[in-house]
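Analysis of the macromolecular model
One letter stands for each residue in the lines below.
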Amino acid sequence: MASEKSLVSISQYGKDKILSILDRAAQFEQNPNQKILDGKVVATLFFEPSTRTRLSFETAANRLGARVIGFSDASTSSTTKGETLKDTITIVANYADVIVMRHFIEGAARYASEISKVPIINAGDGANQHPTQTLLDLYSIRKTQGKLDNLKVAMVGDLKYGRTVHSLINALSHFNPTFKFISPKVLELPNAYKLFCDEKGIKYEETSELNEDAIADADILYMTRVQKERFTDLFEYEKVKNIYVLTNKLLEGTKDNLRILHPLPRVGEIADEVDQNPKAYYFQQAQNGLYARQAVICDLLGV
Amino acid sequence: MEKDASKEMKVAKLCNGTVIDHIPSDKLFKVISLLGLENFNNQVTFGYNLDSKKISKKAIIKISDRFLQPEEVNKVAIIAPKAKIVMIRDYEVAEKIQLELPDEICGDVKCLNPKCITNNEPMKTRFVAINKAKGLFMCHYCERAVSTEEMLLKE
């Protein structure tokens, strides 16, 4: 019997649910060490390695007093023996109260949520979904701007394959945003998301130039990495990999409340000098992931 | 009418069963496979590359003593949305069926995304209609959009 409560995709959450999770995350930021999950077991199944996300989830569980089981690499699991995902999830669901999973196969978390009797938290399934990243992005936006409504959000880089961009567009659609999509032509936002904006009455502009004008009125500058692993033609990758580099000079004419977010890891798209700029927020953003994940784990466990 | 009747005679007349007409010729074998007619024991006759005013070359299938269920009709709609289906009883047209795309397609269609879980686990596929007028569906698992034109049947 599948668990009814799982977090697979951010599109499951409406406005009220998002706000309640962010409120809960704010409480955890005030007091991250609360032993409210004493006696609970959290499984972290990382079929694809991701140190940052795994440590964030495991820290969240540990700070709540839960115990953590799992693996950080599929080569150490019975997947290498040919075990199906169905069997792995069925077995682990007998041991744990909640399963956090990352998989390189798209739709793996949705399928797991249909099999598992305990809630599944999708910690990334290939290029598809990574909902807790979106929640920490929203948390960071609200924290730095004091609100989520009526913001001007510029998204820069790989808007074609970047799942964080797609999910953030979906989640922000509840809050009347205005978007500026800045990307090279080959990495522009897929039509499906532009249609989504049109249907929701969301205003947006597209440009291929990252310059002072393009970001002059932005409240949030969401930078992304051009992901080499998504290109089949590496020549195409070489042409666009260093197309945008954010520097302090580019930020000179921007609004005081502007904050720069990035899902990390970054490669060359934000110059090191920007790290000291008060508008840089990407490292704090990553830290906020801890509180957002504490809130999600507790929500799914009904604690 | 007489002209139509002579054309129909190219494929044996049916006493009882289902006629699927106006199938684009290149979709004929897909429809046969989708309905599992290779393993069907009753008489099945079909015509291939017949002249048609509506489409360039059409195909027709006549299935004896089998009346398609609504879910089977929906399957035909995925592959040949402009096909015409009639139920024959005692050599007469008993019912004309309007084809309509289903809300969900389970099991018959393959996901085109090689990284989709449905191509990596022994499990059923599932597609949900997102825009029937445009024939657009979404894989329930990997969330990639696919049009009925692009759909591939599972082998």
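Residues numbered from 1 in each chain as written. Chains lettered and ligands numbered in written order. Predicted model: local features only at pLDDT ≥ 70, side-chain atom pairs only at ≥ 80, totals over all residues. Heavy atoms only, no water.

**Here we look at the pattern of salt bridges**
Residues and elements named next belong to chain A. The criterion, for reference: Any carboxyl oxygen of Asp or Glu within 4 Å of a side-chain nitrogen of Lys or Arg constitutes a salt bridge here. A helix here means a DSSP run of H or I that spans at least four residues, while a strand means a run of E at least two residues long, and both kinds are numbered starting from the N terminus. Exposure is judged per residue with a 1.4 Å probe applied to protein chains only, and the accessible area is read against the type maximum: over 50% gives exposed, under 20% gives buried, and values in between give partly exposed.
One pass over the structure, following the stated rule, counts 25 salt bridges over all chains. With its nearest N and O atoms 2.9 Å apart, the salt bridge here joins Lys17 to Asp299. Pair noted here: Lys17 is in helix H1 (residues 15-30) and Asp299 is in helix H11 (residues 282-301), with a separation of 282 residues, a long-range link. Assessed through its relative accessible area of 29%, Lys17 is described here as partly exposed.

**Considering the packing of helix H2 (residues 51-63) of chain A against H11(A)**
All names here are of chain A. Convention followed: The convention used is that axes are lines fitted to C-alpha atoms, helices contributing only their stretch in contact, and that angles between N-to-C directions extend from 0 to 180 degrees. By definition in this entry, angles of less than 35 degrees are roughly parallel, angles greater than 145 are roughly antiparallel, angles of 65 to 115 are roughly perpendicular, and the rest are oblique. Each crossing gets its handedness from the near helix: less than a right angle anticlockwise from the far helix is left-handed, clockwise is right-handed. Throughout, a residue-residue contact means that at least one pair of heavy atoms, one from each residue, lies within 4.5 Å. Under the scheme applied, nonpolar residues are Ala, Val, Leu, Ile, Met, Phe, Trp, Tyr, Cys and Pro; charged residues are Asp, Glu, Lys and Arg; polar residues are all the others, including Gly.
Where H2 contacts H11, the two axes come as close as 9 Å, and the packing angle between them is 60°. With respect to each other, H2 and H11 are oriented oblique. The two elements H2 and H11 meet at a crossing, and its hand is right-handed. On the side of H2, the interface is formed by Thr53, Ser56, Phe57, Thr59, Ala60, Ala61 and Arg63, while H11 contributes Gly289, Leu290, Arg293, Gln294 and Ile297. Considered class by class, the residues forming the contact of H2 with H11 number five nonpolar, five polar and two charged.

**Looking at the interface of chain A and chain B**
Our working rule: Buried area: the accessible area, evaluated with a 1.4 Å probe, that two parts lose upon being put together, summed over both parts.
Listed as interface residues are 16 residues of chain A and, on the opposing side, 14 residues of chain B. A combined buried area of about 1200 Å² lies between chain A and chain B, and 46% of that area is made up of carbon and sulfur atoms. It is Ile105(A), Glu106(A) and Tyr111(A) in chain A that bury the most area against chain B; as a group they hold 45% of the surface buried on that side. For the pair chain A and chain B, the number of links is three salt bridges.

**Considerations on the domain arrangement of chain A**
Interface size is commonly expressed as the accessible surface area that is lost when the partners come together. All names here are of chain A. For clarity, the cut-off: These domain boundaries are the output of an automatic or database domain assignment. Contacts described as polar in this section are N or O atom pairs within 3.5 Å, which, within protein, must combine one atom able to donate a hydrogen with one able to accept it, while residues neighboring in sequence count only if both atoms come from side chains.
Taken domain by domain, chain A holds domain 1 (3-129 + 289-301) and domain 2 (132-286). Domain 1 and domain 2 are separated by 26 Å when their C-alpha centres are compared. Between domain 1 and domain 2, the residue contacts involve 30 residues of the former and 22 residues of the latter. Buried area between domain 1 and domain 2, both sides added, is near 2100 Å², and the carbon and sulfur share of it is 59%. On inspection of domain 1 and its partner domain 2, the count reaches three salt bridges. The partner of Lys15 in a salt bridge is Asp149, and the shortest N-O contact between them spans 3.8 Å. Along the contact surface separating domain 1 from domain 2 lie 10 residue pairs in polar contact (both at pLDDT 80 or more). Every element with two or more residues in the side of domain 1 that touches domain 2 is listed here: H1, H2, strand E4 (120-125) and H11. For the side of domain 1 that touches domain 2, the element with the most residues is H1, which contributes nine residues. Its residues assigned to classes, the side of domain 1 that touches domain 2 shows 16 nonpolar, seven polar and seven charged.

**Examining the packing of aromatic side chains**
Given two aromatic rings, their pairing is described by the distance between the two centres and the angle made by the two planes. Just so we agree on the cut-off: Each aromatic pair joins two rings of Phe, Tyr and Trp (for Trp, the six-membered one) with centres within 6.5 Å, and gets the label stacked for planes under 30 degrees apart, edge-to-face for over 60, and tilted for any other angle. Two conditions define a charge located above a ring, namely a distance within 6 Å from the ring centre to NZ of Lys or CZ of Arg, and an angle within 35 degrees of the ring normal.
On inspection of all chains with the given rule, the structure shows seven aromatic pairs over all chains. Taking 5.4 Å as the distance between ring centres and 70° as the angle between the ring planes, the aromatic pair formed by Phe29(B) and Tyr48(B) counts as edge-to-face. Of this pair, Phe29(B) sits in helix H2 (residues 28-34) while Tyr48(B) sits in strand E2 (residues 44-51); the two residues are 19 residues apart in sequence, bridging distant segments of the chain. Take Phe29(B): its relative accessible area is 46%, and that puts it in the partly exposed class. Here the aromatic residues Phe179(A), Phe181(A) and Tyr204(A) are joined through ring pairs into a cluster of three or more. Over the ring of Phe57(A) we find Arg293(A), and its NZ or CZ is 4.9 Å from the ring centre. The aromatic ring of Phe67(B) is capped on one face by Arg89(B), whose charged end is 4.0 Å from the ring centroid.

**Details of the pairing of strand E6 (residues 178-182) of chain A**
A regular strand places its side chains on the two faces of the sheet in alternate fashion. Residues and elements named next belong to chain A. What counts here: Orient the strands so they point away from the viewer, and a crossover whose first-strand-to-second-strand path over the helix runs clockwise is right-handed. At least two DSSP bridges between two strands are required for those strands to pair.
Within E6, four of the five residues are buried, leaving the element largely enclosed by the surrounding structure. Taken together, strand E5 (residues 152-156), helix H6 (residues 163-172) and E6 form a β-α-β motif whose crossover is right-handed. Two strands pair when backbone bridges link them, and E6 and strand E7 (residues 203-207) are joined in this way by five bridges, in the parallel orientation. Among the inter-strand pairings, Lys180 is bridged to a residue of E7, identified as Glu205. A crossover links E6 with its parallel partner E7, the connecting element being helix H7 (residues 191-200), and its sense is right-handed.

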